Amino acid sequence: KQEVTQIPAALSVPEGENLVLNCSFTDSAIYNLQWFRQDPGKGLTSLLLIQSSQREQTSGRLNASLDKSSGRSTLYIAASQPGDSATYLCAAGGDTDKLIFGTGTRLQVFP
Amino acid sequence: DVKVTQSSRYLVKRTGEKVFLECVQDMDHENMFWYRQDPGLGLRLIYFSYDVKMKEKGDIPEGYSVSREKKERFSLILESASTNQTSMYLCASTGGAGRTDTQYFGPGTRLTVL
């Protein structure tokens, strides 16, 4: 059974820092890996989706990588800003359209 | 842009009541999902549907049922609400059958059962 873990559970950094959020999964037979952002009390917003055949995806200051063999994905945020403060969730996609979510990393970027 | 809407942002119900949570998407997506989100447990899949009148159990279907009479609408039903069903409920949809696509989420319904 797929299990997804995110470390750290919480992170507090000063504005301008580059940071890395980690996601690990136990079953490497995934179809994709998705990263989401969730603001307090709100729904999830999709950030990046990496297909299993891809190694990374980029969107603006965000870069996500995928290493299926080691069961890891990382989300790199460059030049962090206070507006990046949110919870970041990763999810592993299998062959039935279902996603298995990690419990998230709560990020706070202070001025 | 894809839009997924949920019928209520906040809902307060009493134990034993029948509760309906509705989700509507406007992009003709085939696949729709209901999750609940609890602190420390993350998002857990309750039910999902690949097509009209089709439904599949997720990881925690007990105490819930669903209805999909039209492609754009997916309803979650709590037959007899209990306090342990107090949670944030999130609906999502995706575009294609088969391989997983980006899931688009609604704003969530925070349900409190007293």
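The paragraphs below set out a description of the structure included in this document. None of these values were measured; they are calculated from a predicted model. (Residues numbered from 1 in each chain as written. Chains lettered and ligands numbered in written order. Predicted model: local features only at pLDDT ≥ 70, side-chain atom pairs only at ≥ 80, totals over all residues. Heavy atoms only, no water.)

### Quick notes on the overall build of chain A
And step 1. The secondary structure content of chain A amounts to zero helices and eleven strands.
And step 2. Ordered by position from the N terminus, the helices and strands of chain A form the series β-β-β-β-β-β-β-β-β-β-β.
And step 3. Relative to the globule expectation of 13 Å for 111 residues, the C-alpha radius of gyration of chain A, 13 Å, shows essentially globular dimensions.
And step 4. When its C-alpha atoms are laid out on the principal axes, chain A stretches across 40 × 25 × 20 Å.
And step 5. Looking at chain A as a whole, 41% of its 111 residues qualify as buried. (Helix = DSSP H or I, 4+ residues; strand = E, 2+ residues; numbered from the N terminus. Rg over C-alpha atoms; globule rule 2.2 N^0.38 Å. Buried < 20%, exposed > 50% of the residue type's maximum accessible area, 1.4 Å probe, protein only.)

### Some words on the sheet that holds strand β6 (residues 56-59) of chain A
Residue and element names in this part refer to chain A.
And step 1. Taken in spatial order, the five strands of this open sheet run β1-β3-β8-β7-β6, and their pairing is antiparallel. The sheet is open, and its two borders are formed by β1 (4-7) and β6, each paired with just one other strand. Within this sheet the neighbouring strands show an average axis-to-axis angle of 15°, counted without direction.
And step 2. Relative to strand β3 (residues 19-25), β1 runs antiparallel, the two being bridged by four bridges. What sits directly across from Ile7, in β3, is Asn22. (Pairing = 2+ DSSP bridges. Axes fitted to C-alpha atoms, helices over the stretch in contact; angles between N-to-C directions.)

### What about unusual backbone geometry?
And step 1. Cis geometry is adopted by the peptide bond preceding Pro8(A), which originates at Ile7(A) and carries an omega value of 0°.
And step 2. Here Pro8(A) shows up in the loop between β1 and β2 (10-14).
And step 3. Phi at Ala79(A) is positive, roughly 45°, even though this residue is not glycine.
And step 4. Here Ala79(A) lies in the loop between β8 (72-77) and β9 (86-93).
And step 5. In this model, Lys53(B) sits at a positive phi of 65°, which is unusual for a non-glycine residue.
And step 6. Note on placement: Lys53(B) falls in the loop between β5 (42-49) and β6 (56-57).

### Description of the sheet that holds strand β7 (residues 64-70) of chain B
Residue and element names in this part refer to chain B.
And step 1. An order of β1-β3-β8-β7 is seen for the four strands of this open sheet, with the pairing classed as antiparallel. The open sheet terminates on both sides in strands that have one partner only, identified here as β1 (4-6) and β7. Going from strand to strand, the sheet's axes swing by 20° on average, the running direction of each strand aside.
And step 2. As defined by bridge partners, β7 adjoins strand β8 (residues 73-78) across five bridges and the pair is classed as antiparallel. Residue pairing in the sheet places Lys70 in a bridge with Arg73 of β8.

### Re the nonpolar core
And step 1. Grouped together as the largest cluster of nonpolar side chains are 22 residues, with contacts concentrated most on Leu33(A), Trp35(A), Leu75(A), Ile77(A), Tyr88(A) and Leu107(A).
And step 2. Mapped onto this core, the elements with two or more residues apiece are β3, β4 (32-38), β5 (44-51), β7 (62-67), β8, β9 and β11 (105-110) of chain A.
And step 3. Non-local contacts of Ile77(A), meaning those with residues more than four positions away in its chain, are made with Glu17(A), Asn18(A), Leu19(A), Arg61(A), Leu62(A), Asp84(A), Tyr88(A) and Leu107(A).
And step 4. Val19(B), Trp34(B), Ile46(B) and Tyr47(B) belong to the second largest nonpolar core, which has 20 residues in total. (Core = buried A, V, L, I, M, F, W, Y, C linked by side-chain atoms within 4.5 Å. Contact = heavy atoms within 4.5 Å.)

### Looking at the state of the cysteines
Residues and elements named next belong to chain A.
And step 1. Applying the stated criterion to the full structure yields two disulfides over all chains.
And step 2. Two residues share a disulfide in this structure: Cys23 and Cys90, whose sulfurs sit 2.0 Å from each other. Judged by the torsion about the S-S bond (80°), the Cys23/Cys90 disulfide is right-handed. In this pair, Cys23 is assigned in strand β3 and Cys90 in strand β9, connecting sequence segments 67 residues apart. You'll find Cys23 and Cys90 in the same group, each marked buried. (Disulfide = S-S within 2.5 Å.)

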